[in-house]
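Each chain, written out:
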Amino acid sequence: MVKHRKRKGNKGGNKGNKVNIPTTPKTAPAPPSKSNTVNRIRHGEIRVRHGALTALSSAMFSAESLSRSSNSIITMELLQAISERIMEEDVPVSMCALGCIGNYVLFQENQAHHGNKVETLLTPIILTRMNKACDGVEKIAKEMTALEQKLQLENAKAPAPAPASGVIESSSTNADVPGKKKKKKQQVKQPISPMQKLTSAMMEQWSIQSLCLHALCGIVEGTATNNESSSILHHQRNEFLSTVMRSFLLASEIIQALSAATTTAGSSSAENGSSDMNGNKMLMIATKENQSNIISDVVTYALRTIHSSCDENVELLTSLLSMKGASGDVFQCIISSISNTSLPALARIHCCAIVILSRKIIASSSSVVKSVEELQQLLITQVLPLLSQFTLYSTDIASALYARVKETHEKLLQEKTDASMEKEIMHMVDKRKESARLIARRQKVMKKEQKEQKEKEKMEAESAVTDNSMDAEGADAEAQEIAEKEAVAAAAAEEMEDQYDKAINAWKNACLPLKLSVEVIANMCVSGDNDPYSAGGGKGGLDDDMAWDSDEEERHFDEQHQQHQGIEMSKEDEAFFNQVADSGVLDRVLAVFGGILLSLMNSKNDAEVQSIHPLAVEDLVEVVEKCSICLGNAACNLPAWKKNESDVTSIWHDFMQCLKAVKCDPSSNTPNIPFAAIASILSTMGAFLRFRTALVKCVNEQDLNLILSFVTMETTATPKDDNSKMQNADMTAIEDLQKDAIGMLGILCSEPHPDEVNNKICNSFLTTLHRHQFTTTTV
């Protein structure tokens, strides 16, 4: 008699119900690699692949590891294996792969040895994955709509609830009964509704799009050569634009719908007292979005990618202007997004930047429908007011934000120190088999050593000897108490880390729009390719003065004379720049420049302790550098701005007061503000001195001596933490400020001056040359 065996996988009586297990598309298996990591990434088991990618994301491909070392072991074979997992059906595996690729593109500094292989490999895969994620969002949205309609029909057919009786039942019948134990309320776990499952699935697709855009933006800004014919963005620019714009339009449409749904739900809940969350798809998506801001991140990075790719890329920008989407003209959607207050601030500023970039293309292209007059009217009525709105620095708000960052960071470090000390106690308990109380007392003594020195250490050690006779039960109780304290300390450290992250996010949310708006205004103040200031890399064109060529001396002086007279520009540019000068946006940039410099100068108290967190200092210095470039461009291309001699003289005296307030610590030879901020001041002064010729006569002997002091500044600045990157940045900033100071002296020496001034300047130059020659010989 033949025995009937049960089929595998049919245990439990699965009657015809097919189980959907995510599988990857079947492709030809890759040959085994010499690298075990590559083999594990290509393993047939999902858990092995996910484990390998998770380990890589926290080790070799973490942001800290990539920015700290060259990581030459990251080969193209490894990148190829990780990129294959981007198209994985399993979402966690795909997200891990995208996270590794995004970190590599954004933080790896030495990618030149791969050439454009990284761009060629990753761009088509990322664009394909973005399109697939957009398809997933649209499919899930249709399923959510159908489910919402079904739930509404079921609620309409359901009988009305019975009226509440007048008898008020007690929630705890055993309350206040002596000698009777209270029953613990059993927490019933709420089942996950179908709408919640669909919401989670949709947010996963948005997370994939966010990771794709982070990586794609890094490729565009870091490794892509989008102006060259060898670039894949050059050959696939239509697919690139259509995919990124599809993601942007889909995300912006949902954000606007979420804003409307939240407003409607707020008014209805105020009237009815409650709202049905499980049946309203938009409210559930809004709840998830408020927790993560993933969809807002998609909008911001999509526009940032478009902005970065179109910068200095006429072909790509022309394709964008003529592109048609499902909702009509794509460029018109970008214009309408400027006034859409439901979108993030950074996204709206990126829209302004794209419109500014298109100004010259529209002026020279006949294929674009928009006229120059219409576009310039748009710039004056919408773009400039929005940029003015975000170009604002409030000292009180900024000080409160970066003080919160510093406070939470100090508390976090203290919590981590306490937690590590608690762990050390437990380790000593296990290792020495000593009394927990005795070890706790010893650790207490170690903690007080930093404040009370050796006398109190001896006192505590003597008092600890008397407790050696503690019994075993007391030791166990103390050990349990220490373990509980350790758990509490770990929870407190986690809470402090969350508070620190929130403080950083609050600071970034306030600082990034200001940083981007100043950068956009700086680009707006460039008239064309013949701009001598922008050609100098943001240093007032003074780098050109250093590249002296005696054979072209006559041409050099002719160009310098033309720069003093101003830049020739078209009538459209002249009219537009006059409107920009009258709008007041540049006065706001100047106010931000001065306000941040004052904050940096006042950031140290009497004990020379920095009151601003280093993260905030880095952001503030970056804003100052962008303001310097913006003011230099304005001085060069906007002759109508600050043209009066009184206005220019007042600005010059303010800059001189800032330089006089710079004080160097004799022991470390470091100033009270970063070197990069000093270089920004001198760069801006050089631009005003060059393009506002009335200033040359206003420079007195004290101003000259102050400028010469920066020419002869020592270049032996060493940061306190011996960070090589910070030291290199300081050395570069010192070289820049010396170049700017020498450039100003070149402009001043073009005017008649006595021989004493010549001797003083020549002695300063000789001192600097001797010092540089000695440094070069030593190296």
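The structure displayed is predicted, hence computed values, not measured ones.

Caption draft 1: Seen up close, the overall build of the chain. Of regular secondary structure, the chain possesses 29 helices and four strands. When burial is assessed residue by residue, the chain has 42% of its 779 residues classed as buried. Once local pairs closer than 6 in sequence are excluded, the contacts in the chain between residues at least 24 apart make up 78%. Of the roughly 43400 Å² of accessible surface on the chain, a fraction of 52% belongs to carbon and sulfur atoms.

Caption draft 2: Highlighting the packing of aromatic side chains. As enumerated under the stated definition, the model contains six aromatic pairs in all. With 6.3 Å between their ring centres and 55° between their planes, phenylalanine 61 and tyrosine 104 make a pair best called tilted. Placement of phenylalanine 61 in the loop between α2 (46–58) and α3 (63–68) and of tyrosine 104 in helix α5 (residues 91–107) is noted, with a sequence separation of 43 residues between them. Of the two residues, phenylalanine 61 and tyrosine 104, neither departs from the other in class, the shared state being buried.

Caption draft 3: Main features of the side chain of serine 296. Counting through the fold element by element, serine 296 comes out in helix α11 (residues 294–310). Apart from the residues lying within four places of it in its own chain, the contact partners of serine 296 are Ile255, Glu289 and Pro344.

Caption draft 4: Fine view of unusual backbone geometry. A positive phi is found at glutamate 312, a non-glycine position, where the angle reads about 60°. Within the secondary structure, glutamate 312 is located in the loop between α11 and α12 (314–321).

Caption draft 5: Inspection of the pattern of salt bridges at higher detail. Counting across every chain of the model gives 17 salt bridges. Lysine 508 is the partner of aspartate 619 in a salt bridge, and the nearest nitrogen-oxygen pair spans 2.9 Å. With aspartate 619 in helix α24 (residues 614–637) and lysine 508 in helix α18 (residues 472–524), this pair connects stretches of sequence that are 111 residues apart. Residue class for aspartate 619 comes out buried when judged on its relative accessible area of 4%.

Caption draft 6: Seen up close, the nonpolar core. The biggest cluster of nonpolar side chains holds 191 residues, and the ones touching the most others in it are Phe61, Ile82, Trp206, Leu320 and Leu586. Filtering out sequence-adjacent residues up to four positions away, leucine 320 remains in contact with Leu241, Met245, Ile306, Cys310, Val330, Ile334 and Ile354.

Caption draft 7: Broad picture of a negative patch on the surface. Taken together, the side chains of Glu494, Glu495, Glu497, Asp498 and Asp501 make up a negatively charged region of the molecular surface. Examined against the element boundaries, aspartate 498 turns out to sit in helix α18. Residue classification places aspartate 498 among the partly exposed positions, given a relative accessible area of 40%.

Quick notes on the rules
- Residues numbered from 1 in each chain as written.
- Predicted model: local features only at pLDDT ≥ 70, side-chain atom pairs only at ≥ 80, totals over all residues.
- Heavy atoms only, no water.
- Helix = DSSP H or I, 4+ residues; strand = E, 2+ residues; numbered from the N terminus.
- Buried < 20%, exposed > 50% of the residue type's maximum accessible area, 1.4 Å probe, protein only.
- Contact = heavy atoms within 4.5 Å.
- Areas by Shrake-Rupley, 256 points an atom, 1.4 Å probe, with all protein chains shown as cover.
- Phe/Tyr/Trp six-rings, centres within 6.5 Å; stacked < 30°, edge-to-face > 60°.
- Salt bridge = Lys/Arg side-chain N within 4 Å of Asp/Glu carboxyl O.
- Core = buried A, V, L, I, M, F, W, Y, C linked by side-chain atoms within 4.5 Å.
- Patch = residues over 30% accessible without salt bridge, like charges linked within 9 Å, V, L, I, M, F, W, Y side chains within 5 Å.
- Lys, Arg positive; Asp, Glu negative; His and termini not counted.
- Charge placed at Lys NZ, Arg CZ, Asp CG, Glu CD.

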